[in-house]
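# Reading the structure
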Amino acid sequence: MTDRHKGLTEVVIYPAWCKGCGICAAFCPEKVIELDAEGKARAVRQEDCINCGFCELHCPDFAISVRTKEPGADPGTPGYKPPAKGK
Amino acid sequence: MSDVTQLIHQYLRHNKKFPHVFCPGCGHGIALGSLIRAVHGLSLSKDEVVVVAGIGCSGRIAVYVDFNTVHTTHGRALTFATGIKMASPKLKVICIMGDGDALAIGGNHLIHAARRNIGIAALVLNNNIYGMTGGQTSPTTPGGARTATSPYGALEKPFDLVDLARAAGANYVARGTVFQAHLLDRLISSAIERPGFNLVEVLTPCHTQYGRKNKFKNPVDMYQALKHAAVPREAWEHFSEAERKERIPVGVFVERDEPGLEERYRVMQAALLARPKAREALPEPNGHDPASTKAKLEGVES
Ligand code: SF4
Ligand code: SF4
């Protein structure tokens, strides 16, 4: 996968619904997700997400939402405009 | 890819307790997601859909979805579903069963529903075990597998649900896995959309009752195995006997276009009612007498 698809998404995980099965962490192609000390999934490498959607479709508990960021919200993403310097 | 989870939340009953009752890594949650996406993709309203479920872990799905739902008795989901479809053919009737539910307790209902070709989408969530009742051997437990009732390995041969449904006359027979949710979405969608009896076998891991007794360290191990085992039917057909071992073909196996029982019934009904005597037997607008209607219908020549 090429880098140009990265950084367009925000991976939101609801800890209250996550049962820590580990499917998302095991099969994410970019290793975006890890289980934390409490066994809950966390998106530790958000910037690597390629928006493949695997985790969201295969979380048995509907605990993950991969959202598209506003275009250009982050530096380095297409459409990014540096904030105008205040006058 | 966004909005998948948000979409699912629109179809859940939020007065129920979440997270749902399924164990960590249970595939039933993924199957539930697929079902919702299939219904949404077909632009059906919640009121047009009836989910009829049997007993077992899979039966809990009916509790969580905001459609018309009936949580029936063990093995009998198809009988309730048949009645609903015959009475209201416009409804999309989806029947959710487990492997024990569909193939042991309700085995007869399954083959006869397929033979009649009644317009139902039957989803059999096959986890190879009786999960809810303590992990006993089911009709799809693989030979040699350890379960609560086969501690030294199952001696019986499992049913091949696809072969069974094909032989019994189902209109559409498919197999998918919860590891391939996109494919599963498509298979379930076809099953709901098509006429007649359409069956999808859904392979869905149960780590708690099956995996732990069969050397799967965790749910992820079972998904790895499923990923390895599932191959498209087209590729599987070219495999040698040796290559087929421990592989499971997935995809669409049967696509017939026979009209469903409820359609054949309506055609017969219309033909009968078109005859003069049958027309006389139509209920009177104000208060008809069932006994006289029956007597009049008996006079209709066949
Ligand atoms: S797949 Fe879902 S339930 Fe499983 S660890 Fe990931 S977020 Fe948690
Ligand atoms: S969308 Fe794909 S790449 Fe992004 S976190 Fe989920 S599995 Fe990983």
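Throughout this document, residue positions are counted from 1 along each chain, in the order its sequence is written. To read the labels, note that chains go from A and ligands from 1, taken in the order they are written. Given that the model is predicted, a residue must reach a pLDDT of at least 70 before its local features are reported, and side-chain atom pairs must reach 80 or more before they are shown or counted; all residues, however, enter totals for whole chains, interfaces and linings. Processing note: side-chain calculations cover all non-hydrogen atoms of the structure and skip hydrogens and water entirely.

### Points about the site of ligand 2
It suffices for a single heavy atom of a residue to lie within 4 Å of a molecule or strand for the residue to be listed as near it. Taken together, Val11, Cys28, Pro29, Val32, Cys49, Ile50, Asn51, Cys52, Gly53, Cys55 and Val66 of chain A make up the full set of residues near ligand 2. In terms of residue class, the shell around ligand 2 is made up of nine nonpolar, two polar and no charged. For this classification, Asp, Glu, Lys and Arg are treated as charged, while Ala, Val, Leu, Ile, Met, Phe, Trp, Tyr, Cys and Pro are nonpolar and the rest, including Gly, are polar.

### A closer look at the pattern of salt bridges
Once their charged atoms are close, side chains differing in charge can pair, the charge on each being opposite to the other. When a carboxyl oxygen of Asp or Glu lies within 4 Å of a side-chain nitrogen of Lys or Arg, that pair is called a salt bridge. Counting across every chain of the model gives 15 salt bridges over all chains. Put simply, arginine 166 of chain B and aspartate 163 of chain B hold a salt bridge, and the shortest N to O gap is 3.3 Å. You can see arginine 166 of chain B and its partner aspartate 163 of chain B sitting in helix α7 (residues 161-168), three residues apart, about one turn around the helix. Judged by its relative accessible area of 32%, arginine 166 of chain B falls in the partly exposed class. Take aspartate 163 of chain B: its relative accessible area is 41%, and that puts it in the partly exposed class. Three or more residues joined by partner-sharing salt bridges are found here, namely Lys6, Glu30 and Asp48 of chain A. Secondary structure elements follow DSSP: runs of H or I of four or more residues count as helices, runs of E of two or more count as strands, with numbering from the N terminus. Partly exposed describes any residue whose relative accessible area lies between the buried limit of under 20% and the exposed limit of over 50%, with all areas from a 1.4 Å probe on protein chains only and scaled to the type maximum.

### Here's the deal with the domain arrangement of chain B
Residue and element names in this part refer to chain B. Per the annotation, domain bounds derive from an automatic or database assignment of domains. The domains assigned to chain B are domain 1 (3-255) and domain 2 (261-301). A straight line from the C-alpha centre of domain 1 to that of domain 2 covers 39 Å. Contacts are assigned to residue pairs with any non-hydrogen atoms lying within 4.5 Å of each other. Between domain 1 and domain 2, the residue contacts involve nine residues of the former and six residues of the latter. Here's the idea: put two parts together, see how much 1.4 Å probe accessible area each one loses, and the total over both is what we call buried area. Buried area between domain 1 and domain 2, summed over both chains or domains, comes out near 610 Å², and the portion from carbon and sulfur atoms is 59%. On the domain 1 side of the contact with domain 2, Met86, Pro89 and Arg116 bury the most area, a combined 62% of that side's loss. Counting across the interface, domain 1 meets domain 2 through zero salt bridges. Two N or O atoms form a polar contact when they lie within 3.5 Å of each other; inside protein one atom must be a possible hydrogen donor and the other a possible acceptor, and for residues adjacent in sequence the pair counts only when both atoms belong to side chains. Across the domain 1-domain 2 interface, the total number found is four residue pairs in polar contact (both at pLDDT 80 or more). Considering each element in turn, the side of domain 1 that touches domain 2 owes the most residues, three residues, to helix α4 (residues 77-87).

### So, the site of ligand 1
Every residue near ligand 1 is listed here: Cys18, Lys19, Gly20, Cys21, Gly22, Cys24, Leu35, Ala41, Cys59, Pro60 and Ile64 of chain A. Here the shell around ligand 1 is built from residues that sort into eight nonpolar, two polar and one charged.

### Focus on the sheet that holds strand β10 (residues 248-255) of chain B
What links the strands of a sheet is backbone hydrogen bonding, and the strands pair in either a parallel or an antiparallel sense. All names here are of chain B. Strand order across the open sheet formed by eight strands is β2-β1-β3-β4-β8-β7-β10-β9, with mixed pairing between neighbours. Both edges of this open sheet fall to β2 (68-71) and β9 (230-232), since each of them pairs with a single strand only. Taking each pair of neighbouring strands and ignoring which way they run, the sheet shows an average axis angle of 20°. What makes two strands pair is DSSP finding at least two bridges between them. With five bridges joining them, strand β3 (residues 92-98) and strand β4 (residues 121-126) adopt parallel strand pairing. By the bridge assignment, methionine 97 is partnered in β4 with valine 124. Between the N-to-C directions of two axes lies an angle of 0 to 180 degrees, each axis being a line fitted to C-alpha atoms and, for a helix, fitted only over the stretch in contact. Helix-sheet contacts for helix α10 (residues 219-229) involve β7 (172-177), β8 (198-203), β9 and β10, and the interaxial angle to β9 is about 25°.

### With respect to the environment of phenylalanine 27 of chain A
Along the chain, phenylalanine 27 of chain A turns up in helix α1 (residues 23-27). Between the C-alpha atom of phenylalanine 27 of chain A and that of threonine 9 of chain A, which follows or precedes it by 18 residues, the distance is 18 Å. Sequence-distant contacts of phenylalanine 27 of chain A, that is, excluding residues within four places in its chain, are made with Phe54 of chain A together with Phe179, Val220, Tyr223, Gln224 and Lys227 of chain B.

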